[in-house]
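# What the coordinates show
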Amino acid sequence: MSELQKNQQQHITLAEESLQKQSTTLNLGPTHPATHGVFQNILEIDGEKVLDAVPTIGYIHRAFEKIAERRPYYQITPLTDRLNYCSAPINNMGWHMTLEKLIGIKTPKRVDYMRVLIMELARIADHLICNSVIAVDTGALTAFTYVFQWRELIYEIYEEICGSRLTTNMGRVGGFERNFSDVAFQKINKFIDGFPKVMEEFESLLNRNRIFMERCIGAGPISAERALNYSFTGPNLRAAGVDYDVRVAQPYCSYEDFDFKIPVGTTGDVYDRFMVRNGEIWESFSIVKQALAKIAQLENDDPAQKDIFYAPESDHYHLPAKEDVYTKMEALIYHFKMVMGEINVPAGEIYHSVEGANGELGFYLISDGGRSPYRLHFRRPCFIYYQAYPEMIKNGLLSDAIIALSSLNVIAGELDA
Amino acid sequence: MTNEIVKQRLSEKFGEQLAGFDESFGMLAVSAPAELNLKIMQFLHDDEQLKFRFLTDLTAIHYPDRKGEELCIAYHLHNLVDNIRMRLKVYVPIERPDVSTATQLFSGANWMERETYDFYGVNFVGHPNLTRILNVDEMDYFPMRKEYAMEDPTRVDKDDEMFGRGGTVA
């Protein structure tokens, strides 16, 4: 031990030679205002340059996979809400679709289109947060406060459909718990009318903004090859130039009926990720419009379609309407059986994935025929790509590391499950 | 590219060593001895025709009743070129849950294997940093194994019968 170290406070154990070394160890997080979530990184920095980073995760681990082994199927939907809580409806729908695949329920077209509509609104909300936060971290708060009004409107639409805003617990196996109200459609139309202008302004604030571009271009890059090796999915993989999208690769929920493009980048840096998300917002917006038109078309062709919001064969799994529970015997029986978790699901092993807002969200479900999963594993996209973070920020500036983290769209709830 | 071709190529290469195939819900699932896991993945990765070069998911499952193969490690692989998925499963005994690491082949396997170790205690031989990832470092058991019940054991309203299974788990 050197002379210097002897005079240090006794309760701090310094590593040997730590006072002699030229670099600084910096503890970033877990509650740093610039990390937007509980992320801790122990950085080794030389001046402004990042030499190494060691992420620590698990601060909000809630053992969802263990809990899921002791919950009836319908009680697992709220667990999925809390994975990527910025786009909870996508998680909910993904989980319902996994179960429907296992049980063998075919959902009607109208249900599919309603789901697509909600999932794409959720994607827009998620991307709006991510992209506007990149701007905040580069020092521009205006765009963030501006687009948040429109995220708010999306949350109002959720509220109109399922009663809650952030952790939505939306839908049931086979469809939705109730039909979309007229107010819900009014709000969706309000969104469609007002949003493009806002998005254009958002883009004109940032896309070709010299300061923003200088900050983002070249920050936190990853090559397509490394991204694939790290099992990247979603906008982060597409920003590196790989056009993999689950909606196209394995269409679910009638995505094959829709016409949309997959935006891709080239260098996989912060700017590309930002631009890919902006492109996806426009594509999602177009899908929302198409879905609404398709629903209108279905209703136009057959007015009876107006009342279809769940698959008829899912009666054993779909909670009946409350007024029916009080007046009809079958509805009361089903309600009781479902709430008590007495509905068995066939045995089987299934992997189903959806394109979540930040990557491929997979559900690996093993059922032994019981009333709860034997094993349920969530393939959480950001848990998988966050491990590339040290490699991406190495030899860059500390300020680049901050925007690289926000541009990866790592959501703590999903990271830690 | 179909499941049939993958099956055929794998059978040609590994023949009788593979324990079985399954094709439920359209996904090919291959069971194999644990010591072959890396050989098979390397073959799937390098083969010019198969090209399974994307590791989608890696996890484990605990089956307390299967003596000698209590832990199952499941890999989900994806051929992005031909857009086909498959699942590889290997089984290890719980007393000696050793299996080769896939980190040399897929960088993304690093944290997935750490998570699997953290919750099931699968020992990935050759892993660069096989430490706990989501749980606290001081934890001395593997919480996702079935012997750790979720509920308070004194509760009778939450026994296995309520979940459609007879008797109690392990």
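Below is a summary of the structure that appears in this document.

Rules and cut-offs
- All residue numbers refer to positions counted from 1 along the written sequence of the respective chain.
- Chains and ligands are labelled sequentially in the order written, the chains with letters from A and the ligands with numbers from 1.
- Where totals are concerned, whole chains, interfaces and linings use all residues; where local detail is concerned, this predicted model gives features only for residues with pLDDT of at least 70, and gives and counts side-chain atom pairs only at 80 or more.
- Hydrogens and waters are ignored; side-chain quantities use all the structure's heavy atoms.
- A simple rule labels every residue: compare its accessible area, found with a 1.4 Å probe on the protein chains alone, to the largest value its type can have, and call it buried under 20%, exposed over 50%, or partly exposed in between.
- The way it works is that DSSP assigns letters per residue, a run of H or I at least four long becomes a helix, a run of E at least two long becomes a strand, and they are numbered from the N terminus.
- Two residues qualify as a contact provided that any one of their heavy atoms is within 4.5 Å of a heavy atom in the partner residue.
- Simply put, the buried area is the total loss of 1.4 Å probe accessible area from both parts when two parts are fitted together.
- By definition here, a salt bridge exists when the distance from a side-chain nitrogen of Lys or Arg to a carboxyl oxygen of Asp or Glu is within 4 Å.
- Here is the rule: rings of Phe, Tyr and Trp (six-membered ring for Trp) pair when centre to centre is within 6.5 Å. Planes less than 30 degrees apart are stacked, more than 60 are edge-to-face, and the remainder are tilted.
- Buried residues of nine kinds, namely Ala, Val, Leu, Ile, Met, Phe, Trp, Tyr and Cys, make up a nonpolar core once their side-chain atoms join them within 4.5 Å.
- One requirement defines pairing of two strands: DSSP has to find at least two bridges between them.
- Convention adopted: a line fitted to C-alpha atoms gives each axis, helices being fitted over their contacting stretch, and angles between N-to-C directions are expressed from 0 to 180 degrees.
- Small angles under 35 degrees read as roughly parallel and large ones over 145 as roughly antiparallel, with 65 to 115 read as roughly perpendicular and the rest as oblique.
- By convention, the crossing between two helices is left-handed when the near helix turns anticlockwise from the far helix through less than a right angle, and right-handed when the turn is clockwise.
- Put simply, Ala, Val, Leu, Ile, Met, Phe, Trp, Tyr, Cys and Pro go in the nonpolar bin, Asp, Glu, Lys and Arg in the charged bin, and everything else, Gly too, in the polar bin.

What follows concerns helix 2 (residues 37-46) of chain B. Those residues of helix 2 of chain B that fall on the buried side of the exposure criterion are Asn37, Ile40, Met41, Phe43, Leu44 and His45 of chain B. On the buried face of helix 2 of chain B, the contacting elements are helix 1 (3-14), strand 2 (28-33), strand 4 (71-79), strand 5 (84-92) and strand 6 (98-100) of chain B.

Opposite the 48 residues of chain A that make contact, chain B presents 50 residues. Summing the contributions of chain A and of chain B, the shared interface buries around 4,200 Å²; its carbon and sulfur component is 54%. For chain A, the biggest contributors to the area lost against chain B are Lys66, Arg70 and Tyr374 of chain A; these three give 19% of the whole. Along the contact surface separating chain A from chain B lie 5 salt bridges. For Glu69 of chain A, the salt bridge is made with Lys146 of chain B, and the minimal N-O distance between the two is 3.1 Å.

Take the side chain of Asn135 of chain B next. Its place among the elements puts Asn135 of chain B in the segment after strand 7 (123-125). Given a relative accessible area of 13%, Asn135 of chain B falls into the buried group.

Residue and element names in this part refer to chain A. Under the defined criterion, the tally for this structure stands at 32 salt bridges over all chains. Residue Arg210 is joined to Glu214 by a salt bridge in which the shortest nitrogen-to-oxygen separation is 3.0 Å. Placement of both Arg210 and Glu214 in helix 8 (residues 210-216) is noted, with a separation of 4 residues, approximately one turn of the helix. The exposure class assigned to Glu214 is exposed, which follows from its relative accessible area of 55%. Between Glu299 and Lys306 there is a salt bridge whose closest N-O contact spans 3.9 Å. Note on Glu299: relative accessible area 17%, which makes it buried. Sharing partners across several salt bridges, the network here consists of Glu120, Arg123, Arg238, Asp245, Arg247, Glu280 and Glu355.

Taken as a whole, this structure holds 29 aromatic pairs over all chains when the rule is applied. On the basis of an interplanar angle of 55° and a centroid distance of 6.2 Å, the ring pair of Tyr255 of chain A and Phe258 of chain A is categorised as tilted. Tyr255 of chain A sits in the buried class, given a relative accessible area of 1%. Between the aromatic rings of Phe14 of chain B and Phe43 of chain B, the centroid separation amounts to 5.7 Å while the plane-to-plane angle is 85°, which identifies the pairing as edge-to-face. With Phe14 of chain B in helix 1 and Phe43 of chain B in helix 2, this pair connects stretches of sequence that are 29 residues apart.

Ranked by internal contacts, the top residues of the largest apolar core, which has 162 residues, are Phe191 and Phe232 of chain A together with Leu10 and Tyr75 of chain B. Examining the composition of this core, we find that 13 residues originate from one element, helix 5 (residues 109-137) of chain A, more than from any other. Grouped together as the second largest cluster of nonpolar side chains are 10 residues, Tyr364 and Tyr374 of chain A together with Tyr63 and Tyr91 of chain B included.

Residues and elements named next belong to chain B. Taken in spatial order, the 5 strands make up an open sheet running 1-2-5-4-3, and their pairing is mixed. With partners counted over all chains shown, the strands left at the sheet margins are strand 1 (20-22) and strand 3 (54-62), one partner each. When strand polarity is set aside, the average angle formed by the axes of neighbouring strands in this sheet is 20°. Bridge count between strand 3 and strand 4: 8 bridges; the pairing is antiparallel. Its bridge partner lying in strand 4, Ala60 is registered against Ile73. Running at roughly 40° to strand 5, helix 1 makes contact with strand 1, strand 2 and strand 5 of the sheet. Contacts from helix 2 reach strand 2, strand 4 and strand 5, with the element oriented near 165° to strand 5.

We now examine the packing of helix 6 (residues 142-162) of chain A against helix 7 (residues 182-206) of chain A. Residues and elements named next belong to chain A. Viewed as axis vectors pointing N to C, helix 6 and helix 7 meet at an angle of 165°, and their least axial separation amounts to 10 Å. By the angle class used here, helix 6 and helix 7 are roughly antiparallel. Here the hand of the crossing between helix 6 and helix 7 comes out left-handed. Across the contact of helix 6 with helix 7, the residue classes tally to 17 nonpolar, 1 polar and 5 charged.

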